[in-house]
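Observations on the three-dimensional arrangement
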Amino acid sequence: MIGLVSATSAGTAARDRLAAAWPDRTRVYEGPVADAVRRAFGECGQLVCFLATGAVVRLVAPLLSDKASDPGVVCVDEGGRFAVSLVGGHGGGANELARAVGRLLGAEPVVTTATDAVGVPGLDTLGMPVEGDVAGVSRALLDGAPVALELESVWPLPALPANVGSAAPGGGPTIRVTDRLVDRVTGAAGAGEVVLRPPTLVVGVGASKGVPVDEVLGLVEGALADAGLSVASVAALATVDVKAGEPGIVGAAERLGVPVLTYSADELAGVDVPNPSDAPLVAVGTPSVAEAAALVGGGELLVPKRKSERTDGAPAMATCAVVRRPGRGRLAVVGLGPGARDLLTPRAEAELRRASVLVGLDQYVDQIRDLLRPGTRILESGLGAEEERARTAVAEARKGKAVALIGSGDAGVYAMASPALAEASDDIDVTGVPGVTAALAAGAILGAPLGHDHVSISLSDLHTPWEVIERRVRAAAEADIVVTFYNPRSRGRDWQLPKALAVLGAHREPTTPVGVVRNASRPDESSRVTTLAGLDPATVDMMTVVTVGNTATRNIAGRMVTPRGYRWQEATR
C-alpha cells in the first residue's frame with residue numbers, strides 16, 4: 001500500500017489525482033502532517049508526500065531504521081514539477097515509484113541513486129536476494145574497477161558493465177551467483193563480495209495431518225543447512241494436492257516467503273525416485289511425496305528424503321527432499337509499438353533494461369538503443385531474417401541469458417512472437433509484452449473505424465499463398481467485417497491491393513469509407529479518409545495501413561466511424 005500525505009490545497013489536489021488513478025494501491029492519511037507521516041510510515045510499504053523535501057527529511061529521519069525494511073519515500077513539490085526519490089530508492093522501490101508518479105502527474109522524476117544515474121543495474125534490483133558488501137562492490141562497478149563474476153548457478157542476469165568479468169586481480173571485488181552457503185561457519189559473504197541467491201531450489205514436503213509449522217520449517221531449514229544450501233534460494237515448497245491446505249505446510253511456506261506447488265497423486269506416482277515407501281502409497285496414493293514433488297520439474301536431487309526429528313520422542317510428522325532445478329534462460333518478446341516513444345509501454349521499457357542480450361531488426365534497434373543498459377549485447381540483422389532472429393533469440397535464452405526479442409507494433413501481430421514461440425520449447429521461460437499495433441495506431445488517427453467487428457489481413461504472399469489470402473478477404477467481405485490491410489503494397493507486389501479492393505467492392509458500395517495512414521505516430525505521419533472507389537493503390541506502400549469500413553461505417557466530420565452495433569446504424573445516416 002502507498003500512503004499519501006499532503007498539507008496544502010495544491011498538494012491535496014495532486015494527492016487526490018494520484019488516489020483516483022490508483023484507488024486499490026493508495027491510502028490517504030489526513031490530520032496533522034507529522035502524525036500522518038508517522039502513521040503512513042508504519043503502515044505502508046511506500047509513501048508519497050506532497051510536501052517540501054526539507055520537511056519530509058525532518059519528519060522521516062527519526063523513523064528510519066534499516067534500508068532493507070524502511071518504506072520507500074517519494075516527495076512531490078507543491079508545483080507538481082518534480083517527483084523526488086528520497087528514501088529507499090532500491091529496497092523500498094522509491095526510484096520506480098518516482099518514475100510512475102512522474103508519468104501520472106507530468107512531473108520530472110528525480111533519482112540520485114548512483115547506479116540508476118549511470119544505467120548500471122543496482123545489485124539489489126536484480127530480482128533475487130542479495131547478501132554481502134553491496135555498497136563496496138557497487139562502488140567498484142561505478143568506478144570501473146575489475147569485478148569478478150562467479151556463476152556457480154546459471155541464471156538470467158541483466159547486462160553488466162564491461163568491468164565485470166571472470167576474474168579480478170588480487171582477489172578483488174566479486175559477484176557470486178550461487179545457492180550454496182559461501183561460509184559454512186557463518187553463512188555470510190566476505191568483505192568485498194556480494195552473493196546473489198537465484199531461486200533454484202525446490203523443497204518437496206510430505207506431512208501427516210496436523211503437523212506443526214515449526215516442525216516443517218525446522219526440517220526444511222535443517223536439511224538445507226546440512227547440505228550447505230541457502231534458504232534464500234528456495235523457490236517453492238512442493239507437495240501432493242491433498243495436502244494443499246495443510247496448515248503446517250502453508251505456514252512454513254508463508255514464513256519462507258515462497259509459494260506451495262501441488263501435484264496429483266497420479267503425477268507423483270509417475271516420477272522415478274530413489275526412496276519409495278509404502279506409507280505414502282497407502283495414505284495418499286503415491287509411493288513418494290517429498291522426493292517426487294521436488295523432482296516433478298526435473299533437476300538434481302541434493303537432499304534425499306529425510307524425516308523430521310521430534311524432541312518429545314513422538315513419531316516424525318514431516319519429510320522433505322531438496323532438488324536443484326537447472327537454471328532457465330528467459331526470453332521476452334517485446335512489442336515496441338508503432339514508433340513514437342510515448343507509445344512504448346513502461347513494461348516494454350522495463351524488459352529492454354532487464355535484458356543482457358537484445359535481438360532485433362536493425363531499424364527497430366535504432367529506435368530504442370538509448371534505453372539499453374551499458375554492456376547489453378546487441379544482435380541485429382536486416383529485413384527478411386525473421387526466422388533467423390527467432391532462432392538466435394531462443395538459442396541465447398537456452399544459454400541461460402536474459403534475452404529481449406523486439407518487433408514493431410505488437411510482437412504477436414505479424415511480428416516476432418509466432419516464429420519465436422514455434423522455435424522455443426519448455427526449457428526456457430517466455431514472456432510476451434504487448435504493444436500498440438499498427439491497426440490500433442492507425443484507427444486512433446482515423447477516428448473509430450474499428451468500433452465493431454474487424455479483422456486484420458496481410459496482403460504479403462511471401463509466406464502465404466495468394467489463394468489463401470483472397471479466400472480470407474472474400475470471407476471478410478461476405479461477413480461485412482471492417483478490414484485492416486497490413487503489408488498492402490510494395491514495388492514487387494503491386495497487384496494484390498487492387499485485387500483485394502475489388503473483392504471487397506463486390507459486397508460494399510463505392511462510397512464505403514477507407515482510411516489510409518502512413519508511418520503512424522512517427523514524425524512523417526500522414527493520413528487521409530477516402531472511399532473504396534476513390535483510393536488510388538499507387539499511393540500506398542509497405543509503411544501504410546489501409547482500413548476499409550463495413551456497410552455501417554460513415555465519414556463523420558472527416559473521421560471514420562463504425563457504430564458499435566447495427567441498431568445504431570440508422571442514427572449515423
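For the structure, check the block above.
The present account deals with the structure reproduced in this document. (Residues numbered from 1 in each chain as written. Predicted model: local features only at pLDDT ≥ 70, side-chain atom pairs only at ≥ 80, totals over all residues. Heavy atoms only, no water.)

**A few points about the packing of aromatic side chains**
The test is simple: Ring pairs are drawn from Phe, Tyr and Trp, using the six-membered ring of Trp, whenever the two centres fall within 6.5 Å, and their geometry is named by plane angle: stacked under 30 degrees, edge-to-face over 60, tilted for the rest. Segments assigned H or I by DSSP are reported as helices when at least four residues long, segments assigned E as strands when at least two residues long, and all are numbered from the N terminus. Each residue's exposure class comes from its accessible area (1.4 Å probe, protein chains only) as a fraction of the maximum for that residue type: buried when under 20%, exposed when over 50%, partly exposed otherwise. Geometrically, a charge over a ring is one whose NZ (Lys) or CZ (Arg) sits within 6 Å of the ring centre while staying within 35 degrees of the ring normal.
All chains considered together, the criterion is met by 2 aromatic pairs. Ring geometry for tyrosine 414 versus tyrosine 486: centroids 4.7 Å apart, planes at 50 degrees, classification tilted. Of this pair, tyrosine 414 sits in the loop between strand E20 (402-407) and helix H15 (417-423) while tyrosine 486 sits in strand E24 (residues 482-486), and the two are 72 residues apart along the sequence. By relative accessible area, tyrosine 414 is classed as partly exposed at 43%. With 5.1 Å between their ring centres and 70 degrees between their planes, tryptophan 466 and tryptophan 495 make a pair best called edge-to-face. Taken together, the residues span a long stretch of sequence, with tryptophan 466 in helix H17 (residues 466-478) and tryptophan 495 in the loop between E24 and helix H18 (496-505) at a distance of 29 residues. Taking NZ or CZ as reference, arginine 25 lies 4.2 Å from the ring centre of tryptophan 22, over its face.

**Description of the sheet that holds strand E28 (residues 554-556)**
Selection criterion: Two strands pair under a simple rule: DSSP has to find at least two bridges between them.
The mixed open sheet is built from 3 strands, whose spatial order is E22-E29-E28. Of all strands in the sheet, those with a lone pairing partner are strand E22 (447-448) and E28, marking the two edges.

**Points about unusual backbone geometry**
Unusually for a residue other than glycine, tyrosine 414 sits at a positive phi of about 50 degrees. Positioned with a positive phi, serine 521 is a non-glycine residue whose angle comes to about 75 degrees. Along the chain, serine 521 falls in the loop between strand E25 (513-518) and strand E26 (526-531).

**Structural notes on H17**
The following threshold applies: To estimate the expected span of a helix, subtract one from its residue number and multiply by 1.5 Å. Should any heavy atoms of two residues lie within 4.5 Å, those residues are counted as being in contact.
Its 13 residues place the ends of H17 18 Å apart at the C-alpha level, agreeing with the 18 Å of an ideal helix rising 1.5 Å per residue. For H17, the set of buried residues is Trp466, Val468, Ile469, Glu470, Val473, Ala476 and Ala477. Considering only its buried residues, H17 is in contact with strand E23 (454-458), E24 and H18. A positive phi of about 60 degrees marks aspartate 480, the residue just after H17.

**Observations regarding the sheet that holds strand E7 (residues 130-132)**
An order of E7-E11-E10-E8-E9 is seen for the 5 strands of this open sheet, with the pairing classed as mixed. Single-partner strands in this sheet number two, and they are E7 and strand E9 (164-165). Where strand E8 (residues 147-151) and strand E10 (residues 174-177) come together, 4 bridges link them in parallel fashion. Its bridge partner lying in E10, leucine 149 is registered against isoleucine 175.

**So, the state of the cysteines**
This is how the line gets drawn: A pair of sulfur atoms, both from cysteines and within 2.5 Å, is called a disulfide here.
Scanning all chains against the criterion turns up 0 disulfides. Cysteine cysteine 44 is unpaired, with the sulfur of cysteine 49 as its nearest cysteine sulfur at 10 Å. With relative accessibility at 8%, the residue cysteine 44 sits in the buried group. Unpaired in terms of disulfides, cysteine 75 finds its nearest cysteine sulfur in cysteine 49, a separation of 6.6 Å.

**With respect to the pairing of strand E16 (residues 318-324)**
Summarising burial for E16: 7 of the 7 residues are buried, a large majority. Residue alternation in E16 divides its side chains into two sets, Ala318, Cys320, Val322 and Arg324 and Thr319, Ala321 and Val323, and both sets are buried. Where strand E12 (residues 201-207) and E16 come together, 7 bridges link them in antiparallel fashion. By the bridge assignment for E16, alanine 207 is matched with alanine 318. In this structure, strand E15 (residues 300-307) lies alongside E16, joined through 5 bridges in antiparallel fashion. Pairing of arginine 306 across the sheet is with cysteine 320, part of E16.

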